[in-house]
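Read off the chains here:
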Amino acid sequence: MANDRLRQLEDVEKEIALVLQSAGTIVLELSKEKANANLLDRQLNQFQTSINRVENELSAQIRYLTQVATGQPHEGSTYSARKDCQMALNRAEYARVKLGELARTCEMMLDPQT
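Please read these numbers as outputs of a predicted model, since none were measured by experiment. (Residues numbered from 1 in each chain as written. Predicted model: local features only at pLDDT ≥ 70, side-chain atom pairs only at ≥ 80, totals over all residues. Heavy atoms only, no water.)

**Here's the deal with the domain arrangement of the protein**
Domain annotation for the protein reports domain 1 (1-72) and domain 2 (74-113). For domain 1 versus domain 2, the separation of C-alpha centres amounts to 52 Å. (Domains from an automatic or database assignment.)

**Some details on the packing of aromatic side chains**
Applying the stated criterion across every chain yields a total of 0 aromatic pairs. Sitting above the plane of the Tyr64 ring, Arg5 keeps its charged end 3.7 Å from the centroid. (Phe/Tyr/Trp six-rings, centres within 6.5 Å; stacked < 30°, edge-to-face > 60°. Lys NZ or Arg CZ within 6 Å of the ring centre and 35° of its normal.)

**Considerations on the pattern of salt bridges**
Opposite charge on two side chains permits them to pair, given that their charged atoms come into close proximity. A complete count under the given rule lists 5 salt bridges for this structure. The salt bridge partner of Arg7 is Asp11, with a shortest N-O separation of 3.0 Å. With a gap of 4 residues between them, Arg7 and Asp11 both fall in helix α1 (residues 2-31), about one helical turn apart. Residue classification places Arg7 among the partly exposed positions, given a relative accessible area of 42%. Among the ionic pairs, Glu29 bridges to Lys32, the shortest N-O distance being 3.2 Å. Judged by its relative accessible area of 6%, Glu29 is buried. (Salt bridge = Lys/Arg side-chain N within 4 Å of Asp/Glu carboxyl O. Helix = DSSP H or I, 4+ residues; strand = E, 2+ residues; numbered from the N terminus. Buried < 20%, exposed > 50% of the residue type's maximum accessible area, 1.4 Å probe, protein only.)

**Side note on the side chain of Gln61**
Inspection of the secondary structure puts Gln61 in helix α2 (residues 37-69). If we ignore the near neighbours within four places in the chain, the residues touching Gln61 are Arg5, Gln8 and Leu9. (Contact = heavy atoms within 4.5 Å.)

**So, the confidence of the model for the protein**
The predicted model of the protein has a mean per-residue pLDDT of 86, with 91% of residues at 70 or higher. Mean pLDDT across the elements of the protein bottoms out in helix α3 (residues 79-110) (87) and peaks in α1 (90). (pLDDT = per-residue confidence, 0-100.)

Structural data, given as structure tokens:
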């Protein structure tokens, strides 16, 4: 799961490189005295397509991270289950300590010579 997330982020990085390349080509073409309209259209379409892919993938990554950070169940994570288990262990330990204190109090009340 983590490898898939990293691969997806690497793909986003490559897509950002395409965005920058398209933007550079557009600026270069616009700086010419007579710009090639067909090239501008193709580069603009490439730019918009790449921007949309980057935005969609980053939004998906942010949604995933938000889900993980809020403790909601999600694919491939055991954090929530581990956290629940640890809290249960803490409650059990607290109950054990309190029962021990109660047992000592009861023993002292029943056997006042000690």
